[in-house]
Amino acid sequence: MTPPLLSVRDLRISFNSLSGPFDAVRGVSFDLGREKLGIVGESGSGKSMTGRAIMRLTPHAATVHAERLQLGDLNLLNAPEKTMEHIRGKRIGLIMQDPKFSLNPVVSVGEQVAEAYRIHTKGSAAEARSKAVAMLDAVRIRDPERVYRMYPHEMSGGMGQRIMIAMMLVSEPEILIADEATSALDVTVRLEILNLLDEMVSKRGLGLIFISHDLNLVRHFCDRVLIMYRGHVVEELKAGDLDQAAHPYTRGLLEAMPRIHAPRRRLPVLKRDPTW
Ligand SMILES: Nc1ncnc2c1ncn2[C@@H]1O[C@H](COP(=O)(O)OP(=O)(O)OP(=O)(O)O)[C@@H](O)[C@H]1O
Ligand SMILES: [Mg+2]
């Protein structure tokens, strides 16, 4: 068996609050290969924190512990900050949930994509520019030459998301963590972006962590799914096997989804058990 690209064991993240420590992530473990791994779970279940911990970008107030956080032969837990700067963007890309906060407001969006290419590949300015334009085109930005010169405040939410995707893909990382990366896109553009990501996985062997609220989307797009609830993984399934989910939380999520061919008068309310 080929070794995983990324291996996470017993990841724990806690915050100190006035009322004592709060455990945001409570022992998450998984391996990532050259595949599309979905992470679903309700708001606050620790999905983004898990993604950020892999990049060592958790808030200062957070305490992170793990038995293992391994990228190939590199131990991310004790890698020096200098090494992490090389890892971020080049080996692991992270598309944050709100792209507007991640873009520099005073640099044109095209230059930011070109800069991401130059930092990580040391290519010439002209090469970076043409790569950036091609990448903007690949994420379905219309008139990429014009948009190249525009600034983040001139972008719509969906354009901002696509700029971030372009910025993260242009340096061809081994792993991409997409945190609600397509949530602001309309259905047709979303499909095209998902196709692009899919191509990156199947042709280039990218390992994709796809964080989403949307169980239906994840079920159709991903190969494997982790279901998170209150900071831990309650169930892990092949996407095609979701219907056979055993955990009551996953079953509750599935039950709570409307079905076009079997409409119901009322959708059931998900009952949560404090022991989960
Ligand atoms: N800076 C912080 N200080 C204290 N608690 C925090 C901080 N940032 C996040 N948390 C807590 O960590 C938990 C997990 O947050 P996280 O952002 O990972 O959730 P999520 O699953 O990504 O949710 P969403 O679907 O809403 O994005 C939440 O309960 C949140 O309140
Ligand atoms: Mg989140």
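Residues numbered from 1 in each chain as written. Chains lettered and ligands numbered in written order. Predicted model: local features only at pLDDT ≥ 70, side-chain atom pairs only at ≥ 80, totals over all residues. Heavy atoms only, no water.

Q: Explain the site of ligand 1 here, please?
A: Taken together, 14 residues are adjacent to ligand 1, and Ser43, Gly44, Lys47, Ser48 and Gln97 come closest. Contacts to ligand 1 include Gly46, whose backbone N or O atom sits 3.0 Å from an oxygen atom. At 2.8 Å from an oxygen atom of ligand 1 is found a side-chain nitrogen or oxygen belonging to Ser48. Relative to its unbound accessible area of 640 Å², ligand 1 is 67% covered by the protein chains. (Near = heavy atom within 4 Å. Polar contact = N/O pair within 3.5 Å; in protein donor to acceptor, adjacent residues only side chain to side chain. Areas by Shrake-Rupley, 256 points an atom, 1.4 Å probe, with all protein chains shown as cover.)

Q: Would you take a moment to explain the environment of Val107 for this structure?
A: Looking at the element boundaries, Val107 is found in the loop between helix H3 (99–102) and helix H4 (109–121). Judged by its relative accessible area of 19%, Val107 is buried. Distance in space between the C-alpha atoms of Val107 and Met135 is 17 Å, their sequence separation being 28 residues. Residues in contact with Val107, not counting those within four places in the same chain, are Gln112, Tyr151 and Pro152. (Helix = DSSP H or I, 4+ residues; strand = E, 2+ residues; numbered from the N terminus. Buried < 20%, exposed > 50% of the residue type's maximum accessible area, 1.4 Å probe, protein only. Contact = heavy atoms within 4.5 Å.)

Q: Could you clarify how one ought to interpret the nonpolar core in this entry?
A: Generally speaking, a soluble globular protein has its nonpolar side chains buried in company with each other. Among the nonpolar cores identified, the biggest contains 60 residues, and Ile163, Leu208 and Phe210 are the most heavily contacted of them. In terms of residue count, the dominant contributor to this core is helix H7 (residues 157–169) (eight residues). With residues up to four places along the chain from it excluded, the contact list for Phe210 reads Leu37, Gly38, Ile39, Ala178, Thr182, Leu194, Leu217, Val218, Phe221 and Cys222. Within the second largest apolar cluster, 33 residues are counted, among which are Val28, Leu71, Leu76 and Ile92. (Core = buried A, V, L, I, M, F, W, Y, C linked by side-chain atoms within 4.5 Å.)

Q: Sorry if this is basic, but what is going on with unusual backbone geometry here?
A: Trans peptide bonds make up the majority, and among non-glycine residues the majority have a negative phi. Residues other than glycine seldom take positive phi values, yet Asp10 does so here, at roughly 50°. Mapped onto the elements, Asp10 comes out in strand E1 (residues 6–17). Located in the positive-phi region is Glu172, a residue other than glycine, with phi close to 50°. The residue Glu172 is located in the loop between H7 and strand E8 (175–179) in this model. Overall, the relative accessible area of 46% leaves Glu172 in the partly exposed class.

Q: Just checking my understanding: could you explain the pattern of salt bridges for this structure?
A: Any two side chains of opposite charge can pair if their charged atoms end up close together. Summed over all chains, the structure comprises 15 salt bridges. A salt bridge links Arg88 to Glu81; the nearest nitrogen and oxygen atoms lie 3.0 Å apart. Its relative accessible area of 16% is what places Arg88 among the buried residues. With relative accessibility at 40%, the residue Glu81 sits in the partly exposed group. Among the salt bridges present, the one from Arg146 reaches Asp143, with a minimum N-O distance of 3.2 Å. One salt-bridge network, in which partners are shared between bridges, spans Glu35, Arg224 and Glu236. (Salt bridge = Lys/Arg side-chain N within 4 Å of Asp/Glu carboxyl O.)

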